[in-house]
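# Structural overview for review
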Amino acid sequence: MVQSSPETSPAKWHLAHTSWFFESFILREFLPGYRLFNTDFPWLFNSYYRSFAAFPEKRLRSSFSRPGLEEVLNYRQHVDEAIDRLLQSSPEPEVLKRIELGANHEEQHQELLLTDILNAFFTNPLRPVYAAGQPETKIGSSTRTETAGPLGFVGFAGGLCEAGHSGEGFCFDNELPRHRVWLEPYSLAARLVTNGEFEEFIADGGYRRSELWLSAGWDAVQQYGWRAPLYWTSESGDWSLFTLRGEQLLARVAAAPVSHVSYFEADAYARWAGLRLATEFEWEVAAAGRPATGNLLDSGQMEPAPSASPGKDQIPEQLFGDCWEWTASAYLGYPGFRPLAGSLGEYNGKFMSGQMVLRGGSCVTPATHIRASYRNFFAPETRWQFSGIRLAGM
Ligand SMILES: [Fe+2]
């Protein structure tokens, strides 16, 4: 039940809330005679669907000492059995669509479980290690070299392009409709910005130079006292990074992508480097048609890994996995965007204000969850997600 910051949630809450989604949007509507597991759960585990039910303040989730874990796991079993019954009753196509949405919703919470546990363990004075030992699978070169190679760039012609989901597979409402976009010629960095490179920005006074920052970003630096990415500490004089694999000396992970930076830090770094962040459409056009593979949750690494051979074959590396990439695009509806009907319309659409788009997934995103048209979004000061930096030019 640990909730280490207002933006994170306890693991027990994630378990209950993902069951709640199936009960609230599928079972209650489509399974005749469905019996609620507990008449308080519809509002207790509602996250933010105002048209569905009231809900407790998010920051109070750590106070849910009741129900206990056993009751939450029994809730899941109750919901699972009911979904089984519904599936055996030749349900209408809308039911199957909602179950697919529920599975994708749960994948999002699988990632949040890990980002929230990382935050909880970092906040714990004992700094527990979530995943001890060596990663199960090696991605790319994955040997921890002292520095990454020089940063190369891959050029793109731009012109009249298309963005948004196409084809038969699942997508969220915010990936539609597919539409045309115009892009000037551009280039993308062949890999993500590394921890070692970001340390140079810090050493060059990056956090003390107002000219590098957006106005709201400079305010955030002052307000939160930022002087490094989240989870960086320098108690012994040298920088260390805390990951799901425990405390890492910066020197050991200098070639791995920098993570847990806000949009403001990504933007300030790009300005310092004399470059910029890509728009979400530049990113999507570069990623379209490529296999959505990389250092994702299923690799077992659980932390960003160095790029193997950036820019080889004129393809940017690390497009999928490692870190979500902040883009310079505000999170808005595409032309002709229509949210889902009913309460589910609150899933994505109502957040289209004051947030920035991130692309590509992270080292804790389930591999089946990510695709080129996928749009993640967070407020620009957000740092607890695995969020990193890819530079763009021209
Ligand atoms: Fe949710």
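Parameters at a glance
Residues numbered from 1 in each chain as written. Predicted model: local features only at pLDDT ≥ 70, side-chain atom pairs only at ≥ 80, totals over all residues. Heavy atoms only, no water. Helix = DSSP H or I, 4+ residues; strand = E, 2+ residues; numbered from the N terminus. Expected span 1.5 Å × (residues − 1). Contact = heavy atoms within 4.5 Å. Pairing = 2+ DSSP bridges. Axes fitted to C-alpha atoms, helices over the stretch in contact; angles between N-to-C directions. Parallel < 35°, antiparallel > 145°, perpendicular 65-115°, else oblique. Nonpolar A, V, L, I, M, F, W, Y, C, P; charged D, E, K, R; others polar. Buried < 20%, exposed > 50% of the residue type's maximum accessible area, 1.4 Å probe, protein only. Donors = N, O, S within 2.8 Å, 3.2 Å for Na, K, Ca; no water. Core = buried A, V, L, I, M, F, W, Y, C linked by side-chain atoms within 4.5 Å. Salt bridge = Lys/Arg side-chain N within 4 Å of Asp/Glu carboxyl O. pLDDT = per-residue confidence, 0-100. Phe/Tyr/Trp six-rings, centres within 6.5 Å; stacked < 30°, edge-to-face > 60°. Lys NZ or Arg CZ within 6 Å of the ring centre and 35° of its normal. Patch = residues over 30% accessible without salt bridge, like charges linked within 9 Å, V, L, I, M, F, W, Y side chains within 5 Å. Areas by Shrake-Rupley, 256 points an atom, 1.4 Å probe, with all protein chains shown as cover.

Let us now look at helix α3 (residues 69-87). Across its 19 residues, α3 extends 27 Å between first and last C-alpha, which sits within 8% of the 27 Å expected from 1.5 Å per residue. In this fold, the buried residues of α3 make contact with α1 (11-30), α2 (41-44) and α4 (93-123).

Attention now moves to the sheet that holds strand β12 (residues 387-388). Within a sheet, neighbouring strands are paired by backbone hydrogen bonds and run either parallel or antiparallel to one another. Across the sheet, which stays open at both edges, the 4 strands sit in the order β11-β10-β9-β12 with mixed pairing between neighbours. In this open sheet, the two edge strands, each paired with only one partner strand, are β11 (376-378) and β12. In this sheet, β11 lies alongside strand β10 (residues 356-359) in antiparallel orientation, the contact comprising 3 bridges. If you follow M356 over to β11, its bridge partner there is F378.

Once that is clear, we can look at the sheet that holds strand β13 (residues 391-393). Within the open sheet, the 4 strands sit side by side as β1-β4-β13-β8. Their pairing is antiparallel. Strands at the two margins of the open sheet, each flanked by one partner only, are β1 (153-156) and β8 (276-277). Pairing of β1 with strand β4 (residues 186-189) involves 4 bridges; the strand directions are antiparallel. Bridging from a neighbouring strand, F156 pairs with Y186 of β4.

Once that is clear, we can look at the packing of α1 against α4. For the pair α1 and α4, interaxial distance at closest approach is 9 Å and the crossing angle is 170 degrees. The angle between α1 and α4 falls in the class roughly antiparallel. For the contact of α1 with α4, the class distribution of residues is 13 nonpolar, 6 polar and 5 charged.

Most of helix α7 (residues 263-272) sits out of view: 8 of its 10 residues are buried. Among all positions of α7, only Y263, F264, E265, A266, D267, A268, Y269 and A270 are buried. Elements that come into contact with the buried residues of α7 comprise α5 (195-203), α6 (215-224), β8, β9 (324-330), β10 and β13.

Turning our eyes to something else, we now look at the pairing of β4. Of the two faces of β4, the one holding Y186 and L188 and the one holding S187 and A189 are both buried throughout. Across 2 bridges, the pairing between β4 and β13 is antiparallel. The partner of S187 across the bridge, within β13, is G393.

Here we take up the coordination of the iron ion. At 2.2 Å from the iron ion lie its protein donor atoms, namely H17 (NE2), H105 (NE2) and H109 (NE2). Taken in chain order, the donor set of the iron ion reads H-x87-H-x3-H. Residue H105 and its partner H109 are both found in helix α4; the two are separated by 4 residues, about one turn of the helix. For the pair shown, H105 and H109 are each scored as buried.

So, about the nonpolar core. Grouped together as the largest cluster of nonpolar side chains are 86 residues, with contacts concentrated most on F198, F201, W232, W326 and I389. Excluding its chain neighbours within four sequence positions, the residues that come into contact with I389 are L192, V193, F198, V258, V261, A266, Y269 and L277. Residues F156, A163, A286 and A392 belong to the second largest nonpolar core, which totals 14 residues.

Overall, the coordinates contain 20 salt bridges when judged by the stated rule. Ionic pairing is found between R59 and E57, a salt bridge with its closest N-O pair at 2.7 Å. Note that R276 and E282 form a salt bridge whose closest N and O atoms lie 3.0 Å from each other. Connected through shared salt-bridge partners, E29, E94, K97 and R98 make up one network.

Averaged over all residues, the pLDDT of the protein is 95; the fraction at 70 or higher stands at 96%. Low pLDDT, under 50, characterises residues 139-143; the predicted model gives this stretch 10 contacts beyond four residues in sequence or across chains.

On to the packing of aromatic side chains. In this structure the tally under the stated criterion is 41 aromatic pairs. Aromatic side chains Y207 and W213 sit 5.6 Å apart centroid to centroid with 45 degrees between the ring planes, which places their arrangement in the tilted category. Each member of the pair, Y207 together with W213, is buried. Sitting above the plane of the W13 ring, R61 keeps its charged end 3.6 Å from the centroid. A cation over an aromatic ring shows up here: R127 above the ring of F242, its NZ or CZ 5.9 Å from the ring centre.

Once that is clear, we can look at a nonpolar patch on the surface. A cluster of nonpolar residues, L15, L69 and L73, forms a patch on the protein surface that exposes about 250 Å² of accessible area. Along the chain, the position of L69 falls in helix α3.

Moving on: the environment of Q314. Looking at the element boundaries, Q314 is found in the loop between α8 (280-287) and β9. Remark: the alpha-carbon pair of Q314 and A190, spanning 124 residues in sequence, is separated by 8.0 Å. Each residue touching Q314, except ones within four places of it in the same chain, is listed here: F153, V154 and G155.

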